[in-house]
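Structural overview
The lines below spell out each chain.
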Amino acid sequence: MVVRSVDLRSDTVTRPTDAMREAMASAEVDDDILGYDPTARHLEEEMAKMMGKEAALFVPSGTMANLICVMVHCEVRGSEVILGDNSHIHVYENGGISTIGGVHPKTIKNEEDGTMDLEAIEAAIRDPKGSTFYPSTRLICLENTHANSGGRCLSAEYTDSVGEIAKRHGLKLHIDGARLFNASIALGVPVNRLVEAADSVSVCLSKGLGAPVGTVIVGSSGFIEKAKRLRKTLGGGMRQIGVLCAAALVALQENLPKLQFDHKKAKLLAEGLNQMKGIRINVAAVETNMIFMDMEDGSRLTAEKLRKCLTECGILVLPGNSPRIRMVVHHQITTSDVHYTLSCLQQAVQMIQEPSLN
Ligand SMILES: Cc1ncc(COP(=O)(O)O)c(C=O)c1O
């Protein structure tokens, strides 16, 4: 019988801490659609200040945050956005920018480190002289950290370079910063510096920070006014959201300082996996809290077999038929959980590689 559970599916699986639940229970609340919820105001002011932007808006999810931002920047019909072919907005958000926003995506290859080649970005910008035929480029989107690249960080300098391209061509820059705080901690660069060049940023509270719900959009006051209208249009206006924002404020206080330990635990896990025969992992690419592991060509190991062994040990990873296994560390994963995971995997690898010994 499995008695232990180690949940490495995502950093979105965390449970609210006791302090969060207490803060939720005692939160001062009012109607946020009418603009009176004091706890929401407090969180939004705090986030705007941290990000170095004029204003902020709490929205239910990262997906809605990105959609709102793209739609505000691309409010003119026939707009096009340049974004990574492996970006969350492009791959996992139901194509909402097209189906709901009417915005045309122009994808650029995401490199292994989550960046897009600067020359490729510039070359993708439509020539306004061709507007009889082409959509009009209005926006560039970046993602920091870049999830599908394994939580890699975009540097402030890289983001500045993209911002310069955007400025030169009269475009806006949006950053999907679902895990921006992870990037900030890993790079040792304040969040406001990482997003200096951006016109808007969406920052999730419910990923590495461990709050139960919510994402905050930051930008200029005028931008946030427009975002607020769209949030209502999309059904994201909510009433007494102070209960959610109270938990998010605790997450900022309690969990932000712990991100560095999540990164250390992810590294420990990656280093341990790197010792195992048949597993391929780029330890240097583990910059934050995510790990992708592959199986060596010709090995008896398969992701399917390993997933089955992990499940038997109570270790949860996302199901599916991908040949890679993703593991995500969060504040509710302990160092002992990491050691337990490594020892279960070691046994599984041995059993699969050398079945005659078992
Ligand atoms: C990089 C990134 N952006 C956006 C999102 C969307 O967030 P949500 O699940 O809150 O809609 C996610 C979700 O995991 C994500 O990883």
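Residues numbered from 1 in each chain as written. Predicted model: local features only at pLDDT ≥ 70, side-chain atom pairs only at ≥ 80, totals over all residues.

Identification of the protein as low-specificity L-threonine aldolase from Raphanus sativus is taken from an unreviewed UniProt entry. Recorded in UniProt for the protein, the comment headed Function (unreviewed entry) runs: "Threonine aldolase involved in threonine degradation to glycine. May play a role in the removal of L-allo-threonine." (UniProt positions renumbered as here; feature names shortened; annotations may be inferred.)

Focus: the sheet that holds strand β2 (residues 55–59)
Strand order in the open sheet made by the seven strands is β2-β8-β7-β6-β5-β3-β4, with mixed pairing throughout. Looking at the sheet topology across the chains shown, the edges are occupied by β2 and β4 (104–108). Averaged over all neighbouring strand pairs, the angle between strand axes comes to 20°, with direction disregarded. As paired elements, β2 and strand β8 (residues 215–219) share five bridges and run antiparallel to each other. (Pairing = 2+ DSSP bridges. Helix = DSSP H or I, 4+ residues; strand = E, 2+ residues; numbered from the N terminus. Axes fitted to C-alpha atoms, helices over the stretch in contact; angles between N-to-C directions.)

Topic: the site of the ligand
Lining the immediate surroundings of the ligand are T12, S61, G62, T63, H88, E143, A147, D176, A178, C204, S206 and T215. When its residues are assigned to classes, the shell around the ligand shows three nonpolar, seven polar and two charged. (Near = placed C-beta within 6 Å. Nonpolar A, V, L, I, M, F, W, Y, C, P; charged D, E, K, R; others polar.)

Let's talk about unusual backbone geometry
Residue T145 is reached from N144 by a cis peptide bond, and omega for that bond is -5°. Its location among the elements puts T145 in the loop between β5 (136–143) and α7 (156–168). If you check the backbone angles, N94 has positive phi at about 55° while not being a glycine. Summarising the element assignment, N94 is placed in the loop between α4 (88–92) and α5 (96–99). Overall, N94 belongs to the exposed group, with 10 C-beta atoms counted inside 10 Å. (Buried ≥ 20, exposed ≤ 12 C-beta atoms within 10 Å, placed from the backbone.)

Considering α7
The end-to-end C-alpha distance of α7, which contains 13 residues, comes to 18 Å, matching closely the 18 Å that a straight helix rising 1.5 Å per residue would cover. For α7, the full list of buried residues reads A156, T159, V162, G163 and A166. Buried positions in α7, seen along its axis, are confined to an arc of 125° and lie on one side of it. α7 presents E157 and R168 as exposed residues on the side facing more than 90 degrees away from its buried surface. If you follow the buried residues of α7, they end up packed against α6 (118–124), β5, β6 (172–177) and α9 (191–194). Backbone geometry just after α7 places G170 at a positive phi near 70°. (Expected span 1.5 Å × (residues − 1). Arc of directions from axis to C-beta. Contact = placed C-beta atoms within 7 Å.)

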